[in-house]
2 protein chains.
Amino acid sequence: MTAVQVGTLYGISVGPGDPELITLKGLRILNQVPVVAFPTGIRGKPGMAQQIVEKWLGGEQVQLPLTFPYVQDFVLLAQAWQVAAEQVWHYLHRGQDVAFVCEGDVSFYSTFTYLAEMLQQLHPECIVQTIPGVCSPMAAASALGMPLTVRDQCLVVLPALYVVAELETILDWADVVVLMKVSSVYEQVWQVLERRQLLNRARVVERATLPEQVIYENVCDRPTLNLPYFSLLIIKVTEKEPGTGDEGKLNLGS
Amino acid sequence: MTAVQVGTLYGISVGPGDPELITLKGLRILNQVPVVAFPTGIRGKPGMAQQIVEKWLGGEQVQLPLTFPYVQDFVLLAQAWQVAAEQVWHYLHRGQDVAFVCEGDVSFYSTFTYLAEMLQQLHPECIVQTIPGVCSPMAAASALGMPLTVRDQCLVVLPALYVVAELETILDWADVVVLMKVSSVYEQVWQVLERRQLLNRARVVERATLPEQVIYENVCDRPTLNLPYFSLLIIKVTEKEPGTGDEGKLNLGS
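Counting of residues starts from 1 at the beginning of each chain's written sequence and follows it residue by residue. Both sets of labels track the order of writing: A upward for chains, 1 upward for ligands. With the structure being a predicted model, the display of local features is reserved for residues of pLDDT at least 70 and the display and counting of side-chain atom pairs for 80 or more, all residues being used for whole-chain, interface and lining totals.

Trainee: What is the right way to look at the interface of chain A and chain B in this model?
Mentor: Size of an interface, as often reported, equals the accessible area lost when the parts are brought together. If you look at the interface, chain A gives 56 residues, while chain B gives 53 residues. The helix and strand labels rest on DSSP assignments: H or I over at least four residues marks a helix, E over at least two residues marks a strand, and numbering proceeds from the N terminus. Put simply, the parts of the chain that give the side of chain A that touches chain B at least two residues each are helix H1 (24-32), helix H3 (74-92), helix H4 (112-122), strand E5 (127-131), helix H5 (136-144) and strand E6 (155-159) of chain A. As paired elements, E6 of chain A and strand E6 (residues 155-159) of chain B share three bridges and run antiparallel to each other. Bridge assignment links Val 156 of chain A to a residue of E6 of chain B, and that residue is Val 156 of chain B. What counts as a contact is two residues whose backbone-derived C-beta atoms lie within 7 Å of each other. Strands are treated as partners if at least two bridges between them are detected by DSSP.

Trainee: For this particular structure, what's the right way to read the confidence of the model for chain A?
Mentor: Caution applies to low-pLDDT regions: their predicted coordinates should not be interpreted in detail. All names here are of chain A. Per-residue confidence for chain A gives a mean pLDDT of 91, with 93% of residues at or over 70. Predictor confidence is given residue by residue as pLDDT, running from a minimum of 0 to a maximum of 100. Below pLDDT 50 for its whole length, residues 241-254 participates in 25 contacts with residues either more than four positions away or in separate chains. Quick note on the complex model: pTM equals 0.93, ipTM equals 0.92.

Trainee: Help me understand the packing of H3 of chain A against H4 of chain A, please; the structure alone is not making it clear to me.
Mentor: Two quantities define a packed helix pair, namely the angle between the helix axes and the distance between the axes. All names here are of chain A. Lines fitted to C-alpha atoms define the axes here, with helix axes fitted over just the stretch in contact, and angles between the N-to-C directions of these axes take values from 0 to 180 degrees. Following both chains from N to C, one finds H3 and H4 inclined at 70°, their axes separated by 9 Å at the closest point. By the angle between their directions, the pair H3 and H4 is classed as roughly perpendicular. The segment H3 lies against H4, with Trp 81, Gln 82, Ala 84, Ala 85, Val 88 and Trp 89 engaging Tyr 114, Leu 115, Met 118, Leu 119 and Leu 122. Three classes are used: nonpolar for Ala, Val, Leu, Ile, Met, Phe, Trp, Tyr, Cys and Pro, charged for Asp, Glu, Lys and Arg, and polar for all others, with Gly counted as polar. Counted by class, the contact of H3 with H4 contains 10 nonpolar, one polar and no charged residues. By definition in this entry, angles of less than 35 degrees are roughly parallel, angles greater than 145 are roughly antiparallel, angles of 65 to 115 are roughly perpendicular, and the rest are oblique.

Trainee: How should I be thinking about the nonpolar core in this particular structure?
Mentor: Across soluble globular proteins, you tend to see nonpolar side chains buried next to one another. By size, the foremost hydrophobic cluster in this structure holds 158 residues, and its most contacted members are Phe 100 of chain A together with Phe 100 of chain B. Ignoring any residue separated from it by four or fewer positions in sequence, one finds Phe 100 of chain B in contact with Leu 9, Tyr 10, Gly 11, Ala 37, Phe 38, Phe 112 and Leu 115 of chain B. What we call a nonpolar core is a set of buried Ala, Val, Leu, Ile, Met, Phe, Trp, Tyr and Cys residues whose membership is set by joining through C-beta atoms within 7 Å. Comment: burial labels come from other C-beta atoms within 10 Å of the residue's own C-beta, placed from the backbone, where a count of 20 or more is buried, 12 or fewer is exposed, and between is partly exposed.

Trainee: I tried to follow the relation of the copies chain A and chain B on my own but got confused; where do I start?
Mentor: Superposition of the two copies of the chain requires a rotation about an axis together with a shift along that axis. Mapping chain A onto chain B leaves a residual RMSD of 0.0 Å; the transformation is a rotation of 180° accompanied by 0.0 Å of translation along its axis. Taken together, the turn and the small shift mark the pair as related by a two-fold rotation axis. The overlap is high: 95% of the interface residues of chain A also sit at the interface in chain B, so the same surface is used on both sides. The least-squares superposition of copies is restricted to C-alpha atoms, and to residues with a pLDDT of at least 70 in both copies.

Trainee: Is there a simple way to think about the sheet that holds strand E2 (residues 35-39) of chain B in this case?
Mentor: Backbone hydrogen bonds are what pair the strands of a sheet, in a parallel or an antiparallel way. Residues and elements named next belong to chain B. In space, the five strands of this open sheet follow the order E3-E2-E4-E1-E5, with parallel pairing throughout. Unpaired on one side and paired on the other, strand E3 (62-66) and strand E5 (127-131) mark the two borders of the sheet. Strand-to-strand twist in this sheet, taken as the mean axis angle between neighbours without regard to direction, amounts to 25°. Sheet topology places strand E1 (residues 8-13) next to strand E4 (residues 98-102); five bridges connect them, and they run parallel. Each residue of the ladder has a partner; that of Leu 9, found in E4, is Val 98.

Trainee: Just to check I follow, could you spell out the domain arrangement of chain A for this structure?
Mentor: Residue and element names in this part refer to chain A. Each assigned domain of chain A is listed with its residue range as follows: domain 1 (8-131) and domain 2 (136-236). Domain segmentation is taken from an automatic or database assignment of domains. Using C-alpha coordinates to define each centre, domain 1 is positioned 28 Å away from domain 2. Across the boundary between the two partners, domain 1 contributes seven residues, which contact nine residues of domain 2. Taken together, the residues of the side of domain 1 that touches domain 2 break down into four nonpolar, two polar and one charged.

Trainee: Please explain the pairing of E2 of chain B as it appears in this structure.
Mentor: Note on strand geometry: in a regular strand, side chains alternate between the two faces of the sheet. Residues and elements named next belong to chain B. The buried fraction of E2 is high, at five of five residues. Across five bridges, the pairing between E2 and E3 is parallel. Bridged to Pro 39 within E3 is Leu 66. For the segment spanning E2, helix H2 (residues 48-53) and E3, crossover handedness is right-handed. Relative to E4, E2 runs parallel, the two sharing three bridges. Each bridged residue has a counterpart across the sheet, and for Val 35 the counterpart in E4 is Val 98. Classification remark: right-handed applies to a crossover when, strands pointing away from the viewer, the course from the first strand over the helix to the second runs clockwise.

Trainee: I keep staring at the environment of Phe 100 of chain A and nothing clicks. Help me out?
Mentor: Residues and elements named next belong to chain A. Looking at the secondary structure, you find Phe 100 in strand E4 (residues 98-102). With 28 C-beta atoms counted inside 10 Å, the residue Phe 100 sits in the buried group. Spatially, the C-alpha atoms of Phe 100 and Thr 67 are 13 Å apart, while their sequence positions differ by 33 residues. Among residues more than four places away in sequence, those in contact with Phe 100 are Leu 9, Tyr 10, Gly 11, Ile 12, Ala 37, Phe 38, Phe 112 and Leu 115.

Trainee: When you look at the environment of Pro 137 of chain A in this model, what are you seeing that I'm missing?
Mentor: All names here are of chain A. Tracing the backbone shows Pro 137 in helix H5. We classify Pro 137 as buried; it has 30 C-beta atoms within 10 Å. Sequence separation between Pro 137 and Leu 155 is 18 residues; the distance between their C-alpha atoms is 11 Å. When neighbours within four sequence positions are excluded, Pro 137 is seen to be in contact with Leu 148, Val 157, Val 178 and Leu 232.

See below:
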């Protein structure tokens, strides 16, 4: 009996929400694999990544929902990753490739990291390959019709849930700050921005690039906002005009 | 005579280098427009964005190279942007759409920002739309086979040319630091990292996702490196294992 070659686990970035923002490479591999895995949604609704790729999936492909509980308890999480890794390994060890789809970019705060690490610990022969994609800060900047960064600007990205305390320090020197998944800390962030007179430099984007996208160009009068999970806040701390340093509008001569 | 509707200027992100990393949306619009603009290369070689889209262009599309000098002088730059804006406007005001292609993401340190701002100042009726794409830090992380950020990690992106002095401060608290276009300051950065014993947490990627891609997983013995313009350095300041805080490998139970 010939040994079966182990399948590859692909981590495919499917972008921020608009299915058309997957890359050609991501779609090509998604179309090739016999098994497509994704995190299960909550309350019976499909998860974001699953929704994004729905229109790209073929009827003959196995769909493999994997459960990652929304908890902080590391023991529970590790158990869930281990179960998910074995579900994926079931196909890989028979030589079938599996694509795990991730909203945004697979290297950027993604569940895929835990799955892949767990799988490689349990089955070191496992082959993993990731396909980069469009992350939500870039998508939000395009939705806002403004650059995220220009010239010598320094960008800081914070996973907002953990870091309101650090925000003050960062605002002292960063040029552009992106707070990911800002919903649960929005009110605290708003207070900080008000105190520092930065409210007029903050913008919020909900569900960037989806049909339900909502943009708040101005949050000055919005100390509270009922935001969904996929929402982010961009602060242009130093509101430079492109190319001008701080001198204001481009000088076209007189 | 009926007024002609002004064309749209699209800023299309074409990704880090591999032509297959353009998005479906980017390629669809690229295929639709009659005019494709891009920065001219240097020394007679096509520029990066032009190289990336070469295989996607149709013979009937007008190719419009725009010259942006590699200088810091703002007056010279503004003159160049103004000339470029008028070259683009020549087509837009006749109702033809123009796609300006940008390597990486159009909102992320891109020449497009200056062109679009200048055009909107000169011709406020101009319509601009940008299509987000894959930026090089995400592509480099995938090339390295590692996550860029996990959990509560804070990411800092610096355009390396300007900021070696700030690097020390940032290393005091950031979890992950990306130095874009690191070639011109690599030696100084290496000294900083050596002094802080962070060399074993630094990796360099040249020309991510291109056939000429080079990866340095270990720079401990490389105080100098002859790097191309498109090279970046990633420092995992706090080298956490995913999901574990700082406790090391995932605990699978005993």
